[in-house]
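Residues per chain, in single letters:
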Amino acid sequence: MSDHPQRPGDRPPSSPGRREGASPGATTPTPAGGAAKPLSPALDTTFKIGLVLKGLDGILEVIGGILLLFLTPTAIQHLVRVLTAHELSEDPHDLIARYLLHTTAHLHHGTTLFGAIYLLSHGIAKIVLVALVLRDKLWAYPWLIGLLLAFIAYQLYQITAVHFSVGLTLLTVFDAILVWLTWREYRAKRAQQHRARAAAVAAPSPGGHRPARPQPGRRT
């Protein structure tokens, strides 16, 4: 009990463990132990370059799908023969040229239509999602991750069960790295967005009062 009586107008003594000037409802946000950190400048640049490359890959797929829609199998075979003639004249055993000739020799209308739909759908999905992620649309990050994981699963099936390919293996590694970078960037941006919202709620109004929260069921 205090030795001096409290007079009107005196400030009440602060309770132990309570800071002066802190409002009763104010809380000091502390970073969580496993809070996501933004990507370093080098990783951020790598992430953006990877997105651009994936977008260019989508553009090439769309172009290929359009060509498959409008070219007949005979026209495709003739085009491939013209494009590979120079390579085969220098190296008759060129693997890529011989693979293209072998693949196009078995084309028919059904396979070209399926290939066109496959390339167009995948290409358009890549272009749209990459553009949205580059514009920092947070909801597009999980969709891009899901699309890349689907590609990785299909590519792993092709590598292990159908035919091993060095090029497809490198593409799978690239996609896996891009998934990791996208997930890191998504976590960091989501945490940053949550901190900004918490700061906006905790900030006092210009009159010195915290903004009143609307009561449940009452329209403001």
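Residues numbered from 1 in each chain as written. Predicted model: local features only at pLDDT ≥ 70, side-chain atom pairs only at ≥ 80, totals over all residues. Heavy atoms only, no water.

Novice: Kindly report on the confidence of the model for the protein, identifying the contributing residues and their values.
Specialist: When the pLDDT values of the protein are averaged, the result is 77; 72% of them are 70 or greater. Highest mean pLDDT in the protein belongs to helix 5 (residues 140-162) (92); lowest belongs to helix 3 (residues 95-104) (69). Across residues 15-33, confidence stays below pLDDT 50; counting only partners more than four residues off in sequence or on other chains, it has 5 contacts. (pLDDT = per-residue confidence, 0-100. Helix = DSSP H or I, 4+ residues; strand = E, 2+ residues; numbered from the N terminus. Contact = heavy atoms within 4.5 Å.)

Novice: Explain the packing of aromatic side chains to me, using residue names and the numbers behind them.
Specialist: Applying the stated rule across the entire model yields 4 aromatic pairs. Between the aromatic rings of Tyr-118 and Tyr-154, the centroid separation amounts to 6.4 Å while the plane-to-plane angle is 50 degrees, which identifies the pairing as tilted. Placement of Tyr-118 in helix 4 (residues 109-134) and of Tyr-154 in helix 5 is noted, with a sequence separation of 36 residues between them. By relative accessible area, which is 42% here, Tyr-154 ends up partly exposed. Each residue in the set Phe-114, Tyr-118 and Tyr-154 is aromatic and connected to the rest through ring pairs, giving one cluster. (Phe/Tyr/Trp six-rings, centres within 6.5 Å; stacked < 30°, edge-to-face > 60°. Buried < 20%, exposed > 50% of the residue type's maximum accessible area, 1.4 Å probe, protein only.)

Novice: Hey, could you go over unusual backbone geometry for me, with residue numbers and the actual values?
Specialist: Phi at Asp-136 is positive, roughly 65 degrees, even though this residue is not glycine. Considering the arrangement of structural elements, one finds Asp-136 in the loop between helix 4 and helix 5.

Novice: Break down the side chain of Asp-175 for me, with residues and values.
Specialist: Note on placement: Asp-175 falls in helix 6 (residues 166-202). Those residues in contact with Asp-175, other than ones at most four positions away along the chain, are Lys-54, Leu-148, Phe-151, Ile-152 and Gln-155.

Novice: Which residues make up a nonpolar patch on the surface, and what are the values?
Specialist: A surface patch of nonpolar side chains, amounting to about 870 Å² of accessible area, comprises Ile-49, Val-52, Leu-53, Leu-56, Ile-59, Leu-60, Ile-63, Leu-67, Ile-127 and Leu-134. Among the secondary structure elements, those contributing two or more residues to the nonpolar patch are helix 1 (41-70) and helix 4. Broken down by element, the residue count for the nonpolar patch peaks at 8 residues, all from helix 1. Among the structural elements, Leu-67 can be located in helix 1. (Patch = residues over 30% accessible without salt bridge, like charges linked within 9 Å, V, L, I, M, F, W, Y side chains within 5 Å. Areas by Shrake-Rupley, 256 points an atom, 1.4 Å probe, with all protein chains shown as cover. Salt bridge = Lys/Arg side-chain N within 4 Å of Asp/Glu carboxyl O.)

Novice: Describe helix 6, with residues and values.
Specialist: Compared with an ideal rise of 1.5 Å per residue, which puts 37 residues at 54 Å, helix 6 spans 54 Å between its outermost C-alpha atoms and is within 8% of the ideal. On the buried face of helix 6, the contacting elements are helix 1 and helix 5. (Expected span 1.5 Å × (residues − 1).)

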